[in-house]
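Each chain, written out:
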Amino acid sequence: MDLIKEGILKAIKLLISLDREIIDITFLSFKVSGIATFISVIIGVSAGTLIALNEFPGKRILVSLVNTAMGLPPVVVGLFVTIFLWRNGPLGFLGILYTPYAIIVAQSVIATPIVTGITVAAIQQIPKKMRLQILSLGASRMQMVWMLLKEARLSLLAAVMAGFGGVISEIGASIMVGGNIKGYTRVLTTATVMETSKGNFDVAIALSIILLLLAYFINLILTHMQQRGHRR
Amino acid sequence: MPVIEAKDISVNRKEQKILNIFNMRIKEGEVVSLIGPNGAGKSTLLMTLSCLYRKFSGKILFKGLEVGKDITPFEYRRNISMVFQEPLLFNTTVFENVASGLKFRRFNRKERRKIVYENLERFGITHLSNRLARTISGGEAQRVSLARAFTIRPNIIFLDEPFSSLDKPTKDGLMEDLGRNIRDLKITAIFATHDRDEALRLSERVIVLNQGEIVQDGSPNDVMNYPCNEFVASFSGMETILSGTVVKNEGGIITVLASGEYIDVAGDIAAGKKVILCIKPEDIVLYPVSQKLKSSARNTFTGTITRIVPSRFYQKIYINCGFPLVAYITNSSAMTLEIAEGIKIRASFKATSVHLIKQ
């Protein structure tokens, strides 16, 4: 118990003193996970909308695959992204392994199925007749899709929250493709693991608190937007 | 030239033909009701005519232009609007809902505001303009849905049972406003319903559908009083429908043997022909058995009341006269005649009130 108490006290001191390294790690985590979430929203919402609005053979199998991929283990993603980005791998020519870009790629792979799966469900829960109603008012197909996305906006914000929550908290992929290089690819989760293994519980606790606060504030903003939309 | 024409329309679902329309023409400004029971194909026909349902064979012509050939379905849809049974409002304000069709057509803000308020007023919902669509009642929501459809001033408006989920007072008020606006704006309206009273109230032409096919097309008077077959007769409120054979033809009066009873009917059909007799319940007059009857009605039968179904203003009386007969009488008449199940009663109807269908 003393260990925890001391850890928390030291963590508070570290937080108040605005330690440069911790600020850099926090900023990198936010930047990497934010960009990965943004990419996954672009790909996931588009793919989810296409899947939801079109009938094609194998649709059920595809949806079940997407739903399965929503629980993709980050270490598995980390492994395959590493193989792809490895010097001799198919994308080795990019030379981005052990850079923040590699973490963005890996986290995008983790978050995209989450956003896709939630988008499919969100669009499909809008009555089919709503599409016909929109078209009957003279909408083009693009206008119809845009209206449906607006109708599904609360669920889509939930998709963004789930996607961001999934990547900000993952560690397996970040450590495998980023390498936890100090001042370059070290993010909050990888730093927490490293400090814990070194026995620096105070720093690890400080990093954990920051991670929790970061996730909380991002979700607070998104929840605020979502609930404002719910009231409207 | 008809505003819309359907030629050889056929829709199949799971190898079953669910719609088969040989030819249907609707004139500009006409208000047409499609009536028929559930599953008759009314909604499928509306969806097909509006090109919202595209898996059909045949041609849809809009003002002589073939949709899909001379004009695209999108261009065609810019001339129509549709109101469904459910209001299907967007999750935003009433104003934004009503403005949606104008936004799709890129009207500017000022124009939108003017047109939206005109149409909110048409349906008496100006006071709801800033309310959220999800917070208004079912009747108000259907008014918003109608205002939204009218805002784009369509050439044709398709209405798919828009009143079926509303209570009677709400429905009556809304039908009144809808009828007035359709007439005022001279919009062509095609209205699907399974309620013949709605059809009679709103339309000037009635098309009866059954199993995906048009069985009768005519004025409300024709369809209600001169049904072309047993199905339409039953749907148009002919409660007594009997099959029989003409046994005598005496200059304008024929005698038909139906269920062992002889019934006189005004008509001219040769003896030996099979016919169907249709009698409306409001054309049957009931008397106590004890009353000596002198009347111009040529058909009088004594029967037993088998069932009484009370309604708000009248009672529906089922009588077994050797054949089943259904009559409506007012509640006060029922009290005067001391109507009760099991009692004997005399029923009469005129030869001219029997509608005859040749088989």
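Residues numbered from 1 in each chain as written. Chains lettered and ligands numbered in written order. Predicted model: local features only at pLDDT ≥ 70, side-chain atom pairs only at ≥ 80, totals over all residues.

### Some thoughts on helix H6 (residues 128-136) of chain A
Here is step 1: Buried within H6 of chain A are the following residues: Arg131, Gln133, Ile134, Leu135 and Ser136 of chain A.
Here is step 2: Against the buried residues of H6 of chain A lie helix H7 (141-151) of chain A together with helix H2 (73-77) and strand E6 (80-83) of chain B.
Here is step 3: Backbone geometry just after H6 of chain A places Gly138 of chain A at a positive phi near 95 degrees. (Buried ≥ 20, exposed ≤ 12 C-beta atoms within 10 Å, placed from the backbone. Helix = DSSP H or I, 4+ residues; strand = E, 2+ residues; numbered from the N terminus. Contact = placed C-beta atoms within 7 Å.)

### Concerning the packing of helix H5 (residues 100-124) of chain A against helix H8 (residues 153-168) of chain A
Residue and element names in this part refer to chain A.
Here is step 1: Where H5 meets H8, the closest approach of the two axes is 9 Å, and the angle between their N-to-C directions is 160 degrees. Comparing their axes, H8 and H5 come out roughly antiparallel. Classified by chirality, the crossing of H8 by H5 is right-handed. For the pair formed by H5 and H8, the contact residues are Gln107, Ile110, Ala111, Ile114, Val115, Ile118, Thr119 and Ala122 on the first element and Ser155, Leu156, Ala158, Ala159, Ala162, Gly163, Gly166 and Val167 on the second.
Here is step 2: Of the residues belonging to the contact of H5 with H8, the class tally is eleven nonpolar, five polar and no charged. (Axes fitted to C-alpha atoms, helices over the stretch in contact; angles between N-to-C directions. Parallel < 35°, antiparallel > 145°, perpendicular 65-115°, else oblique. Left-handed = near helix turned anticlockwise from the far one by under 90°. Nonpolar A, V, L, I, M, F, W, Y, C, P; charged D, E, K, R; others polar.)

### A few points about the interface of chain A and chain B
Here is step 1: Chain A puts 15 residues into the contact, and the matching count from chain B is 21 residues.
Here is step 2: Elements with a contribution of two residues or more to the side of chain A that touches chain B: H6 and H7 of chain A.
Here is step 3: Looking at which element gives the most residues to the side of chain A that touches chain B, the answer is H6 of chain A, with six residues.
Here is step 4: In terms of residue class, the side of chain A that touches chain B is built from seven nonpolar, five polar and three charged.

### Side note on the nonpolar core
Here is step 1: Counting residues in hydrophobic clusters, the biggest one holds 152 residues, and the most contacted among them are Val81, Ala106 and Val177 of chain A together with Leu34, Phe158, Ile190 and Leu277 of chain B.
Here is step 2: For this core, the leading source of residues is H5 of chain A, giving 14 residues.
Here is step 3: Looking at which domains feed residues into this core, each of domain 1 (4-234) and domain 2 (238-358) of chain B supplies at least three.
Here is step 4: Discounting chain neighbours no more than four positions away, the residues touching Phe158 of chain B are Leu46, Leu49, Ser50, Ile80, Met82 and Ile190 of chain B. (Core = buried A, V, L, I, M, F, W, Y, C linked by C-beta atoms within 7 Å. Domains from an automatic or database assignment.)

### What about the environment of Glu239 of chain B?
Residues and elements named next belong to chain B.
Here is step 1: Position of Glu239 relative to the elements: it lies in the loop between helix H9 (230-235) and strand E11 (240-250).
Here is step 2: A C-alpha to C-alpha distance of 12 Å links Glu239 and Ile319, two positions 80 residues apart in sequence.
Here is step 3: For Glu239, the contacting residues outside a window of four places in its chain are Pro281 and Val326.

### Thoughts on the confidence of the model for chain B
Here is step 1: Chain-level statistics for chain B give a pLDDT mean of 92 and a share of 100% at 70 or above.
Here is step 2: Both confidence scores are given for the complex: pTM 0.85, ipTM 0.86. (pLDDT = per-residue confidence, 0-100.)

### Section: the domain arrangement of chain B
Residue and element names in this part refer to chain B.
Here is step 1: Split into domains, chain B comes out as domain 1 (4-234) and domain 2 (238-358).
Here is step 2: The C-alpha-based centres of domain 1 and domain 2 are spaced at 39 Å.
Here is step 3: Taken together, the contacts link eight residues of domain 1 with six residues of domain 2.
Here is step 4: With three residues, H9 is the largest single contributor of residues to the side of domain 1 that touches domain 2.
Here is step 5: Of the residues belonging to the side of domain 1 that touches domain 2, the class tally is four nonpolar, three polar and one charged.

### Some remarks on the pairing of strand E17 (residues 314-320) of chain B
Looking along a regular strand, one sees side chains alternate from face to face of the sheet.
All names here are of chain B.
Here is step 1: Looking at chain direction, strand E16 (residues 299-310) and E17 are connected through six bridges and run antiparallel. Counted as the bridge partner of Arg307 is Tyr318 from E17.
Here is step 2: Linking E16 back to E17 in an antiparallel pair, the connection comprises three residues.
Here is step 3: The pairing of E17 with strand E18 (residues 324-330) spans seven bridges and is antiparallel. Considered in E18, the bridge of Ile319 is made with Leu325. (Pairing = 2+ DSSP bridges.)

### Points about the packing of helix H2 (residues 20-53) of chain A against H8 of chain A
All names here are of chain A.
Here is step 1: Contact pair H2 / H8: the axes reach a minimum separation of 9 Å and the direction vectors enclose 135 degrees. Considering their axes alone, H2 and H8 lie oblique with respect to each other. Considering only the axes of H2 and H8, their crossing is right-handed. Of H8, the residues touching H2 (which contributes Ser29, Ser33, Ala36, Thr37, Ser40, Val41, Gly44 and Val45) are Leu156, Ala159, Val160, Gly163, Phe164, Val167 and Ile168.
Here is step 2: Classifying every residue of the contact of H2 with H8 by side-chain character gives nine nonpolar, six polar and no charged.

### Remarks on unusual backbone geometry
All names here are of chain B.
Here is step 1: Phi angles above zero are rare outside glycine, and Arg106 is one such case at about 60 degrees.
Here is step 2: The residue Arg106 is located in the loop between helix H3 (94-104) and helix H4 (109-122) in this model.
Here is step 3: Arg106 gets classed as exposed once you count the C-beta atoms within 10 Å, which come to 8.
Here is step 4: Even without being a glycine, Ser259 presents a positive backbone phi close to 50 degrees.
Here is step 5: Turning to its location among the elements, Ser259 is positioned in the loop between strand E12 (253-258) and strand E13 (261-266).
Here is step 6: When the 12 C-beta atoms within 10 Å are taken as the criterion, Ser259 is described as exposed.

### Points about the pairing of strand E4 (residues 57-62) of chain B
All names here are of chain B.
Here is step 1: In this structure, strand E1 (residues 4-13) lies alongside E4, joined through five bridges in antiparallel fashion. In the sheet register, Lys7 faces E4, and the bridge partner there is Lys59.
Here is step 2: Note that E4 and strand E5 (residues 65-66) share two bridges and pair antiparallel. Of the residues in E5, the one forming a bridge with Phe62 is Leu65.
Here is step 3: Count of turn residues in the E4/E5 antiparallel hairpin: two residues, of which Lys63 carries a positive phi of about 50 degrees.

### With respect to the sheet that holds strand E15 (residues 285-287) of chain B
Residues and elements named next belong to chain B.
Here is step 1: Ordered in space as E15-E19-E16-E17-E18, the five strands form an open sheet in which the pairing is antiparallel. Here the strands that pair on one side only, and so sit at the sheet edges, are E15 and E18. Here the strands of the sheet are splayed against their neighbours by 45 degrees on average, with no regard to which way each runs.

### Describing the sheet that holds E6 of chain B
All names here are of chain B.
Here is step 1: If you walk across this open sheet you meet the six strands as E6-E7-E8-E3-E9-E10, and the pairing is mixed. Unpaired on one side and paired on the other, E6 and strand E10 (213-218) mark the two borders of the sheet. Neighbour-to-neighbour, the strand axes of this sheet turn through a mean angle of 15 degrees, independent of strand direction.

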